[in-house]
Amino acid sequence: MAIVGTANACLWRGIVLSGLRNPGTPFGRVQVAKCGQQRFHKLQCFAEQGHIEQPKSARANLPAPPKANELCDSRVIQYVQAQVREPEILRNLREETNKMHGSGMQVTPDQGQFLAMLVQLMGAERCIEVGVFTGYSSLAVALVLPDSGCLVACDRSEASLAVAQKYFKLGGVSHKVSVRLGMAIDTLNELLEHGGAGRYDLAFLDADKMMYPQYYELLLQLVRPGGLIVVDNVLWHGTVADPLVVDKRTQSIRDFNDFLLRDSRIDYNLVSIGDGMSLCRKR
Ligand SMILES: C[S@@+](CC[C@H](N)C(=O)[O-])C[C@H]1O[C@@H](n2cnc3c(N)ncnc32)[C@H](O)[C@@H]1O
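Residues numbered from 1 in each chain as written. Predicted model: local features only at pLDDT ≥ 70, side-chain atom pairs only at ≥ 80, totals over all residues. Heavy atoms only, no water.

Q: I tried to follow the confidence of the model for the protein on my own but got confused; where do I start?
A: Detailed reading of the predicted coordinates is not advisable wherever pLDDT is low. Mean pLDDT for the protein: 82, with 75% of residues reaching 70 or above. A low-confidence stretch, residues 1-56 (pLDDT under 50), is modelled with 110 contacts involving residues beyond four sequence positions or located in other chains. Here residues 64-72 is modelled with pLDDT under 50, and outside its nearest four sequence neighbours on either side it reaches 15 contacts, counting other chains as well. (pLDDT = per-residue confidence, 0-100. Contact = heavy atoms within 4.5 Å.)

In structure tokens form, the structure reads like this:
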């Protein structure tokens, strides 16, 4: 296939990426929505191999694409996911969510496991999640919290939270989760007003991307020194690395990533897992 000259970046990316989707795999729907970085690499490999051609004006300003390697192979993604020890309750939740609208929003199994391990490594007892959806990442965290632990779970969608609460109950963790229905910014401000500053060990940020800077400032007050803020979707399906993509949301994530890179209040690490997760450790 060759698309020459007039095609805009999003158009050819959409065409090529739709051809890369692999809904027949065990992780089909999750992969489609959450393996953006690998798809982006794959796209670049397609371009490199001459399967597609970028618009000439754009091509002149682009850095050389990376050499084709195993990251171009969706089998690597499948292999990684097959290495996850996903508890049955989480698998059930993922499968139920996969039948719902917006299912691609849930974190991938390896991300859920990664979050859980961060909680365990830190010995975290008090956590916050901004953006619960049907509860996959919340449940992954709650399952490993000690019995005395607490997760404040914020979302504005009553319907999504109903699914999450069903699984918190099934997983026997309801007593550890404080569900907060409403706009996350209000909930975080309320936590601060009620003496929450510096009282949380770990926060996971996975809600509306344009609001990340505001959430981050509040979470930075809420977590203790040495506490962690984990930010999801920082690669935004690979588009942050594509200079041709300049839509508002991509640019806001790019700007936020650059801001984190320079923020001396934290230690910072952008991890290429799922759609990209940044680890921000409060100094
Ligand atoms: C990407 S999903 C979260 C996925 C979840 N972490 C998981 O693993 O399944 C984003 C969620 O943020 C919620 N959200 C978006 N904007 C919000 C806001 N302003 N306040 C509260 N929740 C919001 C949406 O309702 C949605 O459920």
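Once the structure has been displayed, the description carries forward.
Q: What is the right way to read the pattern of salt bridges from this model?
A: Pairs can form between side chains of opposite charge whenever their charged atoms are close. Overall, the coordinates contain 8 salt bridges when judged by the stated rule. For Lys166, the salt bridge identified is with Glu96, shortest N-O distance 3.1 Å. Within this pair, whereas Lys166 is found in helix α9 (residues 158-170), its partner Glu96 is found in helix α6 (residues 88-98), the two being separated by 70 residues in sequence. Residue Lys166 is classed as partly exposed on the basis of its relative accessible area, which comes to 40%. Judged by its relative accessible area of 23%, Glu96 is partly exposed. The partner of Arg283 in a salt bridge is Asp267, with the nearest N and O atoms 2.9 Å apart. (Salt bridge = Lys/Arg side-chain N within 4 Å of Asp/Glu carboxyl O. Helix = DSSP H or I, 4+ residues; strand = E, 2+ residues; numbered from the N terminus. Buried < 20%, exposed > 50% of the residue type's maximum accessible area, 1.4 Å probe, protein only.)

Q: Explain the packing of aromatic side chains here, please?
A: In this description, an aromatic ring pair is defined by two values, namely the gap between the centres and the angle between the planes. Scanning the model with the defined rule gives 3 aromatic pairs in all. When the ring of Tyr216 is compared with that of Phe259, the centres are 6.0 Å apart and the planes differ by 85°; the resulting orientation is edge-to-face. Here Tyr216, found in helix α11 (residues 212-222), pairs with Phe259, found in helix α12 (residues 248-262); they are 43 residues apart in sequence, far enough to count as distant. Accessibility expressed as a relative area gives 31% for Phe259, which makes it partly exposed. Members of the aromatic cluster, each reached through a chain of ring pairs, are Tyr212, Tyr216, Phe256 and Phe259. Across from the ring centre of Tyr200, 4.7 Å away, lies the NZ or CZ of Arg126, which sits over that ring. (Phe/Tyr/Trp six-rings, centres within 6.5 Å; stacked < 30°, edge-to-face > 60°. Lys NZ or Arg CZ within 6 Å of the ring centre and 35° of its normal.)

Q: When you look at the site of the ligand in this model, what are you seeing that I'm missing?
A: Residues in close proximity to the ligand total 20 residues, the closest being Gly131, Ser137, Asp155, Ala184 and Asp206. At 3.1 Å, a backbone N or O of Val107 approaches an oxygen atom of the ligand. One of the backbone nitrogen or oxygen atoms of Arg156 is found 3.2 Å away from a nitrogen atom of the ligand. Surface burial for the ligand is 94%, taken as the share of its 600 Å² of free accessible area covered by protein chains. When the residues that make up the shell around the ligand are grouped by side-chain class, the tally is 10 nonpolar, 5 polar and 5 charged. (Near = heavy atom within 4 Å. Polar contact = N/O pair within 3.5 Å; in protein donor to acceptor, adjacent residues only side chain to side chain. Areas by Shrake-Rupley, 256 points an atom, 1.4 Å probe, with all protein chains shown as cover. Nonpolar A, V, L, I, M, F, W, Y, C, P; charged D, E, K, R; others polar.)

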